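One letter stands for each residue in the lines below.
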Amino acid sequence: NCMHDCCHLLTKGNASFPCSVLLLPPRHQGGLHLWTVVFACAVLYLFLAKLAPSHGGDVGRPTRERAGASECAAAVPAVRPALASFRDRARRNLNLSHAPPPSFKLMVAANGILFDEAVDTSSSSTSSSASHWKLCAGAEDAIHVLASLAKVYVVCKVPNDATASALKPRLEKLLASAGEKLTGAPRILFCAQSKSKVSMARQVEPDVYIDADVDVDVTRELQRFKIQTKTIPKGTNLYDYLNNNNNNDN
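The rules behind the values
- Residues numbered from 1 in each chain as written.
- Predicted model: local features only at pLDDT ≥ 70, side-chain atom pairs only at ≥ 80, totals over all residues.
- Heavy atoms only, no water.
- Helix = DSSP H or I, 4+ residues; strand = E, 2+ residues; numbered from the N terminus.
- Buried < 20%, exposed > 50% of the residue type's maximum accessible area, 1.4 Å probe, protein only.
- Contact = heavy atoms within 4.5 Å.
- Areas by Shrake-Rupley, 256 points an atom, 1.4 Å probe, with all protein chains shown as cover.
- Salt bridge = Lys/Arg side-chain N within 4 Å of Asp/Glu carboxyl O.
- Axes fitted to C-alpha atoms, helices over the stretch in contact; angles between N-to-C directions.
- Left-handed = near helix turned anticlockwise from the far one by under 90°.
- Nonpolar A, V, L, I, M, F, W, Y, C, P; charged D, E, K, R; others polar.
- Pairing = 2+ DSSP bridges.
- Core = buried A, V, L, I, M, F, W, Y, C linked by side-chain atoms within 4.5 Å.
- Disulfide = S-S within 2.5 Å.

Engineer: Would you mind going over the overall build of the protein with me for this structure?
Structural biologist: For the protein, the helix and strand inventory stands at nine helices and five strands. Counting helices and strands in the order they occur from the N terminus, the protein gives α-α-α-α-β-α-β-α-β-α-β-α-β-α. Each of the 250 residues in the protein was classed as buried or not, and the buried ones make up 39%. The long-range fraction of contacts in the protein, counting pairs at least 24 apart against all pairs at least 6 apart in sequence, stands at 63%. For the protein, the accessible area works out to roughly 14600 Å², and carbon and sulfur atoms hold 55% of it.

Engineer: Teacher, can you tell me more about the pattern of salt bridges here?
Structural biologist: For side chains bearing opposite charge, pairing can occur when the charged atoms are close. Following the criterion strictly, the structure yields three salt bridges and no others. In this structure, the salt-bridge partner of Asp 211 is Lys 197, at a minimum N-O distance of 3.0 Å. Placement of Asp 211 in strand E4 (residues 208-212) and of Lys 197 in helix H7 (residues 196-204) is noted, with a sequence separation of 14 residues between them. Pair check on accessibility: Asp 211 and Lys 197 agree, each one buried. Arg 224 is paired through a salt bridge with Glu 221; the nearest N and O atoms lie 2.6 Å apart. Separated by three residues within a single helix, Arg 224 and Glu 221 lie in helix H8 (residues 216-224), roughly one turn from each other.

Engineer: What should I look at first to understand the packing of H7 against H8 in this one?
Structural biologist: Closest axis-to-axis distance for the H7/H8 pair is 9 Å, and the angle between their directions is 35°. Regarding H7 and H8, the two cross each other, and that crossing is right-handed. Listed contacts from H8 to Lys 197, Val 198, Ala 201 and Arg 202 of H7 are Val 218, Glu 221 and Leu 222. A class-by-class count of the residues in the contact of H7 with H8 yields four nonpolar, no polar and three charged.

Engineer: Help me understand the sheet that holds strand E3 (residues 188-191) in this model?
Structural biologist: In sheet architecture, strand pairing relies on hydrogen bonds along the backbone and comes in two forms, parallel and antiparallel. Overall, parallel pairing links the five strands, which are arranged E3-E2-E1-E4-E5 in an open sheet. Two strands lie at the open edges of the sheet, namely E3 and strand E5 (228-232), each paired on one side alone. Strand-to-strand twist across the sheet, computed as the mean angle between neighbouring axes with direction ignored, equals 20°. Contacts between helix H6 (residues 161-177) and the sheet are confined to strand E2 (151-157) and E3, with E3 contributing the most and set at about 150° to the helix.

Engineer: Looking at this structure, I do not really get the nonpolar core. What am I missing?
Structural biologist: For soluble globular proteins, nonpolar side chains are generally found buried alongside one another. If you look at the biggest cluster of nonpolar residues, it comprises 39 residues, and the most contacted ones within it are Leu 94, Leu 114, Ile 143, Leu 146, Ile 210, Leu 238 and Leu 242. Residue assignment for this core shows that the elements contributing at least two residues are helix H4 (84-93), strand E1 (105-109), helix H5 (139-149), E2, H6, E4 and helix H9 (238-242). In terms of residues, this core owes the most to one element, H5, which gives seven residues. With residues up to four places along the chain from it excluded, the contact list for Leu 146 reads Leu 94, Leu 106, Val 108, Val 152, Leu 238 and Leu 242. Counting residues in each nonpolar core, the second largest holds 14 residues, with Val 155, Ala 201, Val 218 and Leu 222 among its members.

Engineer: For this particular structure, what's the right way to read the state of the cysteines?
Structural biologist: Note on terminology: disulfide describes a covalent bond linking the sulfur atoms of two cysteines. Evaluated as defined, the whole model comprises zero disulfides. Unpaired in this structure, Cys 156 has its nearest cysteine sulfur neighbour in Cys 191, at a distance of 7.7 Å. Overall, Cys 156 belongs to the buried group, its relative accessible area being 0%.

Now the structure itself:
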């Protein structure tokens, strides 16, 4: 009968199994017999589960949990091997820890340090066209390194909306190529006056604000609000500043 079949399965290859627990006298027909069969099946399941081979500590751990560590690592863009030493110099020049927290934010004012300072941002200038805005040498590498250290925001002073509309996709491409995900709050900001950069920086609340010394009043104002600032000397672009070994005191 069913009871003897279960007993046979349980004791096959394992004579020490207490088969006697299943051989209960059938005092009652119907209900007692049904519950005895249920109990036998439960014991059989537990016994077979113990015989299942172990595959290490990850058994039973959800796939999403096992993949979590690699997903978190992939969320932080890695710097290209050729830029590793540049990254270390940039980190020291910005007085950053070896591994800034994921929430760390850097804000860069593009005029004169990402874009050529020869561009005249006055609305009456013929050079205000976006075609005259040339990226400084090493701008791509500088943004790539900064993006490996923190979340990067860019603010740019422009003469008109047309110039802003033309420059935005170029800056988006620059950040995206560095591994930045342009989601959530705007990462590229435009303004018509230098003083507007103060209010924008206060909204972003960057851990470090980087600007050219032509707008030294902006950095001084931000220091009043306890925002750490870095001022790049006139004629020096962002790449040269970050790659220099003597900027720690700026």
